[in-house]
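Chain by chain, the residues:
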Amino acid sequence: MSAPLRVLVTGAAGQIGYSIVIRIADGTVFGKDQAVQLVLLDVPQCATVLEGVVFELQDCALPTLHSVEAVTDVQQAFTGVDYAFLVGAMPRREGMERKDLLAANVRIFKAQGKALADFAKPTTKVIVVGNPANTNAFIAAKYAAGKVPARNFSAMTRLDHNRALGQLALKTGTTIGDVKNVIIWGNHSSTQFPDVTHATIKNQPAATVVNDNAFLQGAFISTVQKRGAVIIEKRKLSSAMSAAKAACDHIHDWHFGTKAGEFVSMAVPSDGSYGIPQGLVFSFPVTIDAATKEWKIVQGLTFDDFAKGKIAATTKELEEERDDALKACDDASI
Ligand SMILES: NC(=O)c1ccc[n+]([C@@H]2O[C@H](COP(=O)([O-])OP(=O)(O)OC[C@H]3O[C@@H](n4cnc5c(N)ncnc54)[C@H](O)[C@@H]3O)[C@@H](O)[C@H]2O)c1
Ligand SMILES: O=C(O)C[C@H](O)C(=O)O
């Protein structure tokens, strides 16, 4: 068993928390030979619930779980972490857009960015799940600057990526393993652009196999864009099992690298690729090198006018969110 990795999950007493901790603890994310020190953070009012989660993890008898701590203190939570799953935040309710959560949630990510700077390792890798995820990641990175590099911050669009894979497999009667290289561009919001231009199904161009352009430019895109809202309408709670699975896929691939010839969608600080403003946390297709654990934005993809319009819309929304978040953070009270 390798020396333990210290892994933080915030909001661990919540819905996603309950689904995510078992996958981190049982070796699904970091492998069956990698010990994990799990640190579970939530607000003080949830201390008793957290204790129950700790007891359940102990009762799972997991060989990879080196230790598990329940904490409500930010310094204790962030000290020395290798990976941070930043889940803890308010979820949206029916009728809301994710950006409606900005005012409530941005203060959490400002404080946690500062905590990462003060207490975490400079090599810490961060996934932001709490919504609006891209902009929260932008703010956390800003407040950790100088200590943890911006490229160690990411936001989760893997759920959207997985939703896109699922919709293509359903449409074509294939299995998930047959569908590769879909791309989610932009924001984890209803302006995201799920793009199949470079996707394949059984090694054939997805557009040829689907053979229904109206679907690919219509129902496919809107189903993926609005899936979160539909889940809330049906469950009266936002997605949790699928969100936890996607966060684990995201960190698994960051830790182990992507497969040869394949890319995944991950929201990362833009380096100016494809004309996206520098620093905006934008979902791109990325490959990850297993040895260095560094992501690289896939280069050289081309866009038709339809794609250009979609990418412009999601970029504009992210710029507006960024500006609103910066204004909120300048308010001395948060
Ligand atoms: N990016 C995505 O694809 C995606 C998918 C699903 C959900 N989400 C988002 O994830 C977040 C969590 O969703 P959930 O369903 O688990 O919500 P939840 O309400 O069930 O749990 C959230 C938990 O976070 C805790 N929390 C609040 N403030 C905290 C803080 N400052 N520090 C630590 N913990 C804190 C709460 O006490 C609660 O236990 C929401 O913002 C939701 O919108 C994102
Ligand atoms: O839609 C939400 O608010 C939750 C989450 O972001 C999702 O995509 O399911």
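Rules of the game
- Residues numbered from 1 in each chain as written.
- Chains lettered and ligands numbered in written order.
- Predicted model: local features only at pLDDT ≥ 70, side-chain atom pairs only at ≥ 80, totals over all residues.
- Heavy atoms only, no water.
- Near = heavy atom within 4 Å.
- Polar contact = N/O pair within 3.5 Å; in protein donor to acceptor, adjacent residues only side chain to side chain.
- Areas by Shrake-Rupley, 256 points an atom, 1.4 Å probe, with all protein chains shown as cover.
- Helix = DSSP H or I, 4+ residues; strand = E, 2+ residues; numbered from the N terminus.
- Phe/Tyr/Trp six-rings, centres within 6.5 Å; stacked < 30°, edge-to-face > 60°.
- Buried < 20%, exposed > 50% of the residue type's maximum accessible area, 1.4 Å probe, protein only.
- Lys NZ or Arg CZ within 6 Å of the ring centre and 35° of its normal.
- 1 Å grid on protein atoms, 1.4 Å probe; cavity = no way out; pocket = protein on both sides within 12 Å on 5 of 7 lines; lining within 4 Å.
- Points joined across faces, edges and corners; volume = space filled by probe spheres on them.
- Nonpolar A, V, L, I, M, F, W, Y, C, P; charged D, E, K, R; others polar.
- Pairing = 2+ DSSP bridges.
- Right-handed = clockwise from strand over helix to strand, strands pointing away.
- Salt bridge = Lys/Arg side-chain N within 4 Å of Asp/Glu carboxyl O.
- Core = buried A, V, L, I, M, F, W, Y, C linked by side-chain atoms within 4.5 Å.
- Domains from an automatic or database assignment.
- Contact = heavy atoms within 4.5 Å.

Novice: Talk me through the site of ligand 2; I want residue IDs and the actual numbers.
Specialist: Around ligand 2, the surrounding shell consists of R92, R98, N131, L159, R163, H188, G228, I232, S238 and S239. Contacts to ligand 2 include N131, whose side-chain N or O atom sits 2.9 Å from an oxygen atom. Here R163 contributes a side-chain N or O atom positioned 2.7 Å from an oxygen atom of ligand 2. Taken by itself ligand 2 offers 260 Å² of open surface, and the protein chains cover 93% of this. Contributing elements (two or more residues each) for the shell around ligand 2: α6 (158–172) and α9 (219–235).

Novice: Residues and numbers for the packing of aromatic side chains, please.
Specialist: For the coordinates displayed, the defined rule picks out eight aromatic pairs. With centroids separated by 4.9 Å and ring planes inclined at 45 degrees, the aromatic side chains of F30 and Y83 adopt a geometry described as tilted. With F30 in the loop between α1 (15–25) and β2 (34–41) and Y83 in strand β4 (residues 83–86), the pair connects residues that are 53 residues apart, well separated along the chain. Here Y83 falls in the buried class, since its relative accessible area comes to 4%. Where F193 meets F306, the ring centres are 6.1 Å apart and the plane angle is 70 degrees; that geometry is what we call edge-to-face. With F193 in strand β9 (residues 193–195) and F306 in helix α11 (residues 305–330), this pair connects stretches of sequence that are 113 residues apart. For F193, a relative accessible area of 3% puts it in the buried group. The exposure class assigned to F306 is partly exposed, which follows from its relative accessible area of 29%. Through a chain of ring-to-ring contacts, three or more aromatic side chains come together here, namely W185, Y274, F282, F284 and F303. The lysine or arginine in question, K142, covers the ring of Y143, its NZ or CZ lying 5.4 Å from the ring centre. Cation over ring: K171 sits above F215, and NZ or CZ is 4.4 Å from the ring centre.

Novice: Describe empty space enclosed by the protein, listing the residues and the values that go with them.
Specialist: Taken as a whole and assessed by the stated rule, the structure comprises one cavity of 30 Å³ or more. Empty space within the largest cavity amounts to approximately 30 Å³. At the level of elements, α5 (133–144) and α11 are the ones that each hand at least two residues to the lining of the largest cavity. If you tally residues by element for the lining of the largest cavity, the top one is α5, at three residues. Looking at the lining of the largest cavity residue by residue, the class counts come to four nonpolar, two polar and one charged.

Novice: Let's hear about the pairing of strand β5 (residues 125–128): which residues, and what values?
Specialist: Of the two faces of β5, both are covered, the one formed by K125 and I127 as well as the one formed by V126 and V128. Sheet analysis places β4 next to β5, joined by four bridges and oriented parallel. Across the sheet, F85 pairs through a bridge with I127, a residue of β5. Between the parallel elements β4 and β5, the chain passes through helix α4 (residues 102–119) in a crossover that is right-handed. Here β5 runs beside strand β6 (residues 153–155); their pairing, made up of three bridges, is parallel.

Novice: Go over the pattern of salt bridges with me, naming the residues and quoting the values.
Specialist: Overall, the coordinates contain 12 salt bridges when judged by the stated rule. Here D160 makes a salt bridge to R163, at a shortest N to O gap of 3.7 Å. Of this pair, D160 and R163 are both found in helix α6, three residues apart, which corresponds to roughly one turn of the helix. Relative accessible area serves as the criterion here: at 0%, D160 is assigned to the buried category. A relative accessible area of 10% means that R163 is categorised as buried. A salt bridge links D249 to K245, with the shortest nitrogen-to-oxygen separation between them at 2.7 Å. With a gap of four residues between them, D249 and K245 both fall in helix α10 (residues 241–256), about one helical turn apart. Its relative accessible area of 15% is what places D249 among the buried residues.

Novice: Before we move on, could you go through the nonpolar core and cite the residues and values that matter?
Specialist: When a protein is soluble and globular, its nonpolar side chains tend to lie buried together. Counting 73 residues, the largest nonpolar core has V9, I20, I24, L38, L40, L57 and F85 as the members making the most contacts within it. Considering each element in turn, this core owes the most residues, seven residues, to α10. Formed jointly, this core draws a minimum of three residues from each of two domains, domain 1 (2–155) and domain 2 (158–320). For L57, the residues in contact, after removing those within four places along its chain, are V21, I22, A25, L38, L40, L62, L65 and V68. Within the second largest apolar cluster, 33 residues are counted, among which are L102, A133, V148 and V281.

Novice: Now, about the site of ligand 1: what can you tell me, with residues and values included?
Specialist: Inspection of the region around ligand 1 gives 25 residues, with Q15, D42, M90, V129 and N131 positioned closest. Here V129 contributes a backbone N or O atom positioned 3.2 Å from a nitrogen atom of ligand 1. Separating an oxygen atom of ligand 1 from a side-chain N or O atom of H188 is a distance of 3.1 Å. Against a free-state accessible area of 870 Å², the protein chains account for coverage of 86% of ligand 1. Elements supplying a minimum of two residues to the shell around ligand 1: α1 and α4. Along the lines of polarity and charge, the residues of the shell around ligand 1 split into 14 nonpolar, 10 polar and one charged.

Such coordinate-based values are descriptive only and should not be taken to indicate function.
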